[in-house]
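A closer look at the structure
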Amino acid sequence: MKSQNIRDGLPLSASTDFEHSRELQERKQQLRAISKALALFPVRGTIKGQELNIYFVSSEGVSYMTVCHCSLPVAQAFCFLEDLRWEFTACFNSTVIALANRPYPFLEFDKTIQKLKQQYNQSGGPTLEVTLAEVQEDLRINPPQTIQLEEVDLANGIGNGHMEQGLDSGQNVRLEPVSAPGILSLVLNIMCASLNLIRGIHIIEYTFQDGYEGISNVVAFLLAFVCCVLQCHLYLFHSSLKKHKSFALLSVIILCNLYLLGLRNVWQLIFHISVASLSTFLIFTRKIKDRANDCGV
């Protein structure tokens, strides 16, 4: 069993199991796939397997997932998840959950999970506020959606190019940590952006006096400033088609600096283009962080 942040798929807690069957390992892989696209799934769902089924419930930004034997009644599985939800919300408030920024920050909750598992294995019934009759009635009114394994792969975007679409629909994506060259490129890019902005504002004063003859130079400086800022944004945050966007920004920066050759010497030109090229390279090479490797649960 595990709890997961719906907003970005960050695993919050999980139970320790000592079973190592092949199907259980497959279900764990599917749990990881689901966790990357929780926002695309309903608040309550079931994924059926040969002998093991996956059940999950989402509430207040957290999803609770468990793997149970197919012989277990559906109502009892969701009753367990509701019990677990009560326990988790009692231990951790929404502010603490929202501030979680590393995988499995609430591993101590495993003790509670194990206690609940033992209770259900021995008595086969709920332990807290939820009763089996309430859950059965709720499932009758709002039955859980049965999700096919193909839908899991489609939502997860594995090998079929749909990941970009899912990410653009509003999910937050964690990129690999910012590297030392990345920090350097950000500092240099901010420097270039500042120089472009200062020069552009300075030329505006003379443009008004000369009847707008130098307005094209002002546009070139300000356009280069905007492109530098956008390069910083592309490096720091994920975006679909980022390679196309970063190449377009690099092209605009090169064209703007070539146009401004009369107002800049060759060394200044080389500096600005080199900084833009470095930023483009780092944008290309910074990848999405693989959550499946966060912890081997």
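Residues numbered from 1 in each chain as written. Predicted model: local features only at pLDDT ≥ 70, side-chain atom pairs only at ≥ 80, totals over all residues. Heavy atoms only, no water.

**Describing the overall build of the protein**
Just so we agree on the cut-off: A run of H or I in DSSP becomes a helix once it reaches four residues, and a run of E becomes a strand once it reaches two; helices and strands are each numbered from the N terminus. A 1.4 Å probe rolled over the protein chains alone gives each residue an accessible area, and that area as a share of the maximum for its type sets the label: buried under 20%, exposed over 50%, partly exposed in between. The contact definition used throughout considers only heavy atoms, calling two residues in contact when any of these lie within 4.5 Å. Accessibility throughout is a Shrake-Rupley quantity obtained with a 1.4 Å probe, and a residue counts as covered only by protein chains that appear here.
Of regular secondary structure, the protein possesses 11 helices and six strands. Counting the 297 residues in the protein, one finds 43% classified as buried. In the protein, the proportion of contacts linking residues at least 24 apart, taken out of those at least 6 apart, comes to 69%. Just so you have it, the protein exposes about 16,100 Å², and 60% of that area is on carbon and sulfur atoms.

**A short note on the nonpolar core**
What counts, and what does not: What is meant by a nonpolar core is a set of buried Ala, Val, Leu, Ile, Met, Phe, Trp, Tyr and Cys residues, joined one to another through side-chain atoms within 4.5 Å.
With 23 residues, the main nonpolar core has F78, L81 and F88 as its most contacted residues. For this core, the secondary structure elements donating two or more residues are strand 4 (52–59), strand 5 (62–69), helix 2 (74–91), helix 4 (110–123) and helix 5 (132–141). Sort the elements by how many residues they give to this core and helix 2 lands first, with eight residues. Once residues within four sequence positions are removed from consideration, F78 is found in contact with R44, G45, T46, Y55, F56, V57, V135, L139 and P144. Counting 16 residues, the second-largest nonpolar core is a separate cluster that includes C228, C232, L234 and V275.

**Quick look at the pairing of strand 3 (residues 44–47)**
What counts is decided by this rule: One bridge is not enough; two strands pair if DSSP finds at least two bridges between them.
Alternating residues of strand 3 divide into R44 and T46 and G45 and I47, and every residue in both groups is buried. Looking at chain direction, strand 3 and strand 4 are connected through four bridges and run antiparallel. Among the inter-strand pairings, I47 is bridged to a residue of strand 4, identified as I54. Hairpin remark: strand 3 followed by strand 4, antiparallel, with four residues in the connecting loop. Alignment of strand 3 against strand 6 (residues 145–146), held across two bridges, turns out to be parallel. Looking across to strand 6, one finds that G45 is bridged to Q145.

**Here's the deal with the side chain of R264**
How we decide: Polar contacts, as used here, are pairs of N or O atoms within 3.5 Å; protein pairs need one atom able to donate a hydrogen and one able to accept it. Residues neighboring in sequence count only if both atoms are side-chain atoms.
Topologically, R264 is positioned in the loop between helix 10 (242–259) and helix 11 (266–285). Of the polar contacts made by the side chain of R264, one reaches the side chain of N257; its length is 2.6 Å.

**With respect to the confidence of the model for the protein**
Operational definition: Here pLDDT means the predictor's own confidence in every residue, given as a number from 0 to 100.
Predicted confidence across the protein gives a mean pLDDT of 78, with 76% of residues reaching 70 or more. Predicted confidence is poor over residues 158–172, with pLDDT under 50, and the contacts of this stretch with residues over four places away or in other chains come to 24 contacts. The low-confidence segment residues 291–297, where pLDDT is below 50, has 18 contacts with residues more than four positions distant or belonging to other chains.

**Examining the packing of aromatic side chains**
Any aromatic ring pair is given by two values, namely how distant the centres are and how the planes are angled relative to each other. Which entries qualify depends on this criterion: In this scheme Phe, Tyr and Trp rings, the latter by its six-membered ring, pair at centre separations within 6.5 Å, and the angle between planes marks the pair as stacked below 30 degrees, edge-to-face above 60, and tilted otherwise. Only lysine NZ and arginine CZ atoms are considered, and such an atom sits over a ring when it is within 6 Å of the ring centre and within 35 degrees of the ring normal.
One pass over the full model with this rule turns up five aromatic pairs. Seen in terms of ring centroids, F88 and F92 are 5.0 Å apart; in terms of plane orientation they differ by 50°. Their pairing is tilted. As far as the burial class goes, F88 and F92 line up, both buried. Relative to F109, the ring of F92 has its centre 6.1 Å away and its plane inclined at 65°; by these criteria the two rings are edge-to-face. Of this pair, F92 sits in the loop between helix 2 and helix 3 (94–98) while F109 sits in the loop between helix 3 and helix 4, and the two are 17 residues apart along the sequence. The two residues F92 and F109 agree in class, both being buried. Counting every residue linked through ring pairs, the aromatic cluster contains Y64, F88, F92 and F109. Above the face of the F78 ring, R44 is positioned so that its terminal group lies 5.7 Å from the ring centre. Taking NZ or CZ as reference, R286 lies 5.0 Å from the ring centre of Y235, over its face.

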